[in-house]
Amino acid sequence: MSAVPTQGRPVELDDVQGLVRSGYGGLTACFLLLRVKDPAAARAWLARAPVTSAVRTDRLHEQALHVAFTSEGLRALGVAPDVCAEFSAEFVAGMASDPARARRLGDVGASDPGGWRWGTGARTPHVAVLLYAGPGRLAAWEREVEAQCAAGFERIERLSTSATQGPEPFGFADGISQPKIDWERERPVGDHDRLDYDNLVCLGEFLLGYPNEYGLYTPRPLLASQRDPDGLLPRAEDAPERADLGRNGCYLVMRQLHQDVHGFWRALDRQAGGDADRRERLAAAMVGRKKDGDPLVAPGAANDFTYQSDPRGLRCPLGAHIRRSNPRNADLPPGGRGLLSRLWRMLGFNAAALEQDLVASTRFHRLLRRGRKYGDVAAAVRSAAAHPSGAEVGLHFICLAANIKRQFEFVQSAWLVGSKFAGLAGERDPLVGHRLPDAGGFPTDGFSMPQAAGPDCRLSGLPQFVTVQGGAYFFLPGIRALRYLATAR
Ligand code: HEM
């Protein structure tokens, strides 16, 4: 699909679900996973569901509601099969659809979809309703919405979440780094070869229907105009004769990630030989930030840093969670700005920079995180290694992206779960990776911390700390697309 000049054209914020623009930090949340019981009644609710738009998200909302569908949900609502088939292959197939995908995502062993609480078989949700409300108001809001959808849906799961303040269950500040979305559409379309890391990301990386970081429109369902005789849908920017069912929507990835807080701190205590300071340093090295969020590579820099000054990972290990999940690199390895230097780097002659060239360019693999922690997180953080092993705490991981495969699946499989990343081997992400041997039978339960002099300091025998207990791929439509899906046959 070709790019057209669209820079500066305003975004239809009233058609975008507000979750793309805001994580509703001040509001408590719960997520209802529903299955269609009566398609006509379900569609009737969806046609008027009080969905919150992205207009005014800068001001505090008192409550918000968002609706997203799985592909099974679209089919259950009666959306035509040829329309369903226009969505991306991984969305159509679903997160737990086949063993090869499960293996790539690290959903093996204790995280095998066979053991999930929801997300497979009859426990695959059709619709996720995400509810947010101000202090003390969530229960009433939930009762109101449940009464509205009772005729059309049955609830298979209610995912409650903890208050947003305070750290995640392992005790670290979370929700610090997010991509900045180019809502003003200032970035030039097709900005090839970014020489520096930049946190400003094209709108099309997160919203369908707008140019992405390649300067192209991410594939999405474009319908012949006869499929939209009432003109409910916007027309495609790059194909004005087609109705754009994707525009102003995006994919939403949801995973229930159980955290073994007791196991995490006990394992680190063992590795540290009971030395409390060393235990804290090891934990920070695994995350890449101290508990208060201070980045190891650039103390005091908050979120304004790259790893360019630490190519070997002496300050922040190459395998630290935040370095794996966002290596903050540019399209070419670092170097001068002149034409010659650029050519030199493009041809791979800059030996010093080669190790940084082992990792794909970050800008095509950004995630907008909207997850919430669950369980008694305050108790988990307080008691750490003394916390009961089976306690129900963790993260309802949610991320938004225009392309599930290139963004979520790539980050999860190549960078987090991959046992070969940035020249490392024998280790996966220290927080979220499983520890099963790799394809060649080699152990992957290590974690390396390079030292200025001498060999890497290397931990081994790390247990698995995070287990997947459910998950699904959803489509979070634009609001006009939502109304269209409620009526489409
Ligand atoms: C229970 C599991 C997880 C825990 C405890 C966890 C914890 C954290 C923490 C403490 C941070 C640093 C604070 C921040 O920058 O917001 C962080 C950052 C991040 N995490 Fe996770 N995380 C988990 C799962 C995941 C997964 C599954 C993904 C992606 C598939 C992911 C992607 C990211 C990204 C992209 C960042 C920001 C990195 C940056 O831009 O510097 N995390 N996580």
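Reference entry: report on the structure contained in this document.

Rules and cut-offs
- Residues numbered from 1 in each chain as written.
- Predicted model: local features only at pLDDT ≥ 70, side-chain atom pairs only at ≥ 80, totals over all residues.
- Heavy atoms only, no water.
- Helix = DSSP H or I, 4+ residues; strand = E, 2+ residues; numbered from the N terminus.
- Rg over C-alpha atoms; globule rule 2.2 N^0.38 Å.
- Buried < 20%, exposed > 50% of the residue type's maximum accessible area, 1.4 Å probe, protein only.
- Contact = heavy atoms within 4.5 Å.
- Areas by Shrake-Rupley, 256 points an atom, 1.4 Å probe, with all protein chains shown as cover.
- Lys, Arg positive; Asp, Glu negative; His and termini not counted.
- Charge placed at Lys NZ, Arg CZ, Asp CG, Glu CD.
- Near = heavy atom within 4 Å.
- Polar contact = N/O pair within 3.5 Å; in protein donor to acceptor, adjacent residues only side chain to side chain.
- Nonpolar A, V, L, I, M, F, W, Y, C, P; charged D, E, K, R; others polar.
- Donors = N, O, S within 2.8 Å, 3.2 Å for Na, K, Ca; no water.
- Arc of directions from axis to C-beta.
- Pairing = 2+ DSSP bridges.

On to the overall build of the protein chain. Per the secondary structure count, the protein chain includes 14 helices and 17 strands. Relative to the 2.2 N^0.38 estimate, which gives 23 Å for 489 residues, the radius of gyration of the protein chain is 23 Å and therefore close to what a compact globule would have. Across its three principal axes, the protein chain shows a C-alpha extent of roughly 70 × 60 × 45 Å. Residues counted as buried form 56% of the 489 residues belonging to the protein chain. In the protein chain, once contacts between residues fewer than 6 apart in sequence are set aside, the share between residues at least 24 apart is 73%. Counting only carbon and sulfur atoms, one obtains 55% of the accessible surface of the protein chain, whose full area is about 19,600 Å². Here the protein chain carries 60 positive and 55 negative side-chain charges, and the mean point of each set is 1 Å from the other.

Right, let's talk about the site of the ligand for a bit. Neighbouring the ligand are 27 residues, the closest being Ile-176, Ser-177, His-321, Arg-328 and Arg-369. Between Asp-174 and the ligand, the recorded distance is 3.4 Å, taken from a side-chain N or O atom to an oxygen atom. Mapped onto the shell around the ligand, the elements with two or more residues apiece are strand E9 (250-259), helix H9 (321-325), strand E12 (394-401) and helix H13 (405-417). Split into classes, the residues belonging to the shell around the ligand amount to 15 nonpolar, seven polar and five charged.

Protein coordination of the iron atom of the ligand rests on one atom only, His-321 (NE2), at 2.1 Å. Within the fold, His-321 resides in helix H9.

Buried within helix H1 (residues 39-48) are the following residues: Ala-42, Arg-43, Trp-45 and Leu-46. Summarising the axial view, the buried residues of H1 lie within an arc of 160°, below the 170-degree limit, and thus occupy one face. A distance of 3.1 Å separates the backbone nitrogen of Ala-40 from a side-chain oxygen at the start of H1, and that oxygen is part of Asp-38.

Let's shift gears to the pairing of strand E3 (residues 127-133). Of all seven residues in E3, seven are buried, a share of seventy percent or more. Here E3 shows a buried face lined by Val-127, Val-129, Leu-131 and Ala-133 and a second buried face lined by Ala-128, Leu-130 and Tyr-132. Here strand E1 (residues 28-36) pairs with E3 via seven bridges, running antiparallel. Within E3, the residue paired with Thr-28 across the bridge is Ala-133. As judged from the seven bridges shared by strand E2 (residues 63-69) and E3, these two strands associate in the antiparallel manner. Across the sheet, Ala-64 pairs through a bridge with Tyr-132, a residue of E3.

A word on the pairing of E9. Burial of E9 is extensive: 10 of the 10 residues sit out of reach of the surface. Judged from the 10 bridges that link them, E9 and strand E17 (residues 466-476) form a sheet pairing that is antiparallel. When the bridges of E17 are listed, Gln-256 appears paired with Gly-470. Of the strand pairs in this sheet, E9 and E12 are connected by eight bridges, and their pairing is antiparallel. Its bridge partner being in E12, Met-254 is matched across the sheet by Ile-398.

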